[in-house]
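Here is how the chains run, residue by residue.
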Amino acid sequence: MTSAARYPLLDTIDLPSDLRRLERRQLPQLARELREFLVESVSQTGGHFASNLGCIELTVALHYVFDTPHDRLVWDVGHQTYPHKILTGRRARMNTMRMKDGLAGFPKREESEYDTFGVGHSSTSIGAALGMAAAARTQGQARKVVAVIGDGAMTAGMAFEALNNAGAMDTDLLVILNDNDMSISPNVGALNHYLTKLMSGRFYAAVKEGSSKVLGMAPPVHALVKRAEEHVKGMITPGALFEEFGFNYLGPIDGHDLDTLVETLGNVRKLKGPQFLHVVTKKGQGYKLAEKDPIAYHGVSRFSPENGLAGGKGGGKPSYTQVFGDWLCDMAKQDRRLVGITPAMREGSGMVRFANEHADRYFDVGIAEQHAVTFAAGLACEGIKP
């Protein structure tokens, strides 16, 4: 699938140890080649797409800074690990993605020593990484452990249970929030609204812009404000929330700026105790069609890289999901007691039509499966059919 002419740098990388021999100035070229290879590969096999495009620079930086597989790298959900697989000895097998006896679409421990935890379910990364960090301390191992979690997965209770536990244990652990303001379904819930308000930084940006205009003519005062800027920012960003859990909050930083990523990760690697790094990325980065519509390009079938998804992902025979969604709507018309519940999987569960036609009986509880089941039980206790 590759040729030396098309991927001159990527073709030299069989394992992360090869990547770590590169000069830092070569990393942007590697990221560009990796992105081009990913577009070519997924267009032929189908699979998760937009999420993988969005974490290419972060993946390169993590394997460049950390001594994987000795240092443990735990991905949340796992549908953003195609770049990770390509850089960890599986590039030649990417054409078998999600096929019989081919590569798994998610990290799989049996597949590679670089896949430290089997995932495919949301919000488990911090808990698993904490267990690995605790094991390293118990065994006297000098090992770094990193958990990468998305903003959608961060809304789940399990993630906060693990954060609470990690802060209390004071274990060496780095949690990276890959903040692309995007889960498969739109994030919901009071916690998400709170985080979104803080992460948007609009108030901070407005204050900064206004003060800059006023102080622009007074360089000494302006310099003083710049020195105080980070302290002000810390009071009105999510740092306050995560530091209450016992973490040292850092960021937000640009998740597509390799120099900043490598420099920051290199510094954080030397720190002791629980660290929380906020990285801002864009789903579909580098492929304009996916940037414009990351939901449509979240999981794709085969497509033309030049033309994108022809007529969307539909066509042909209806999928099981479509049949279920239509059945759900038909049943809802016959029985007012029927309600639909989804844990942030409206599209994946075929419930878009139901959500539109029966909004008063549609509940998206966010990425919180155990709550979804218990919530359903409460509804059932009162005669509703969830």
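Residues numbered from 1 in each chain as written. Predicted model: local features only at pLDDT ≥ 70, side-chain atom pairs only at ≥ 80, totals over all residues. Heavy atoms only, no water.

*Asks:* Would you mind going over the nonpolar core in detail, with residue names and values included?
*Replies:* Membership of the largest hydrophobic core comes to 51 residues, with the highest contact counts inside it found for Leu 19, Phe 49, Leu 62, Ile 176 and Leu 265. With eight residues, the top contributor of residues to this core is helix H2 (residues 27-45). Filtering out sequence-adjacent residues up to four positions away, Leu 19 remains in contact with Ile 13, Leu 27, Leu 30, Val 60, His 63, Tyr 64 and Leu 87. In this structure, Ile 126, Ala 147, Met 154 and Leu 177 belong to the second largest nonpolar core, which totals 26 residues. (Core = buried A, V, L, I, M, F, W, Y, C linked by side-chain atoms within 4.5 Å. Buried < 20%, exposed > 50% of the residue type's maximum accessible area, 1.4 Å probe, protein only. Helix = DSSP H or I, 4+ residues; strand = E, 2+ residues; numbered from the N terminus. Contact = heavy atoms within 4.5 Å.)

*Asks:* Requested: an account of the environment of Ser 319, with residues and values cited.
*Replies:* Note that Ser 319 resides in the loop between strand S7 (299-300) and helix H14 (320-334). Classification of Ser 319 as partly exposed rests on a relative accessible area of 32%.

*Asks:* Explain the pattern of salt bridges to me, and be specific about the residues and the numbers.
*Replies:* With the rule as written, the count across this model stands at 22 salt bridges. The shortest N-O distance in the salt bridge between Asp 14 and Arg 91 comes to 3.7 Å. Of this pair, Asp 14 sits in the segment before helix H1 (16-19) while Arg 91 sits in the loop between helix H5 (82-90) and helix H6 (125-139), and the two are 77 residues apart along the sequence. Given the relative accessible area of 12%, Arg 91 is considered buried. The residue Arg 90 makes a salt bridge to Asp 115 at a minimum N-O spacing of 2.8 Å. With Arg 90 in helix H5 and Asp 115 in the loop between H5 and H6, this residue pair connects regions lying 25 residues apart in the sequence. Take Arg 90 and Asp 115: they sit in the same class, and that class is buried. When salt bridges with common partners are traced through the structure, they connect Lys 85, Arg 90, Glu 111 and Asp 115 into a single cluster. (Salt bridge = Lys/Arg side-chain N within 4 Å of Asp/Glu carboxyl O.)

These values are about where atoms sit, not about what they do.
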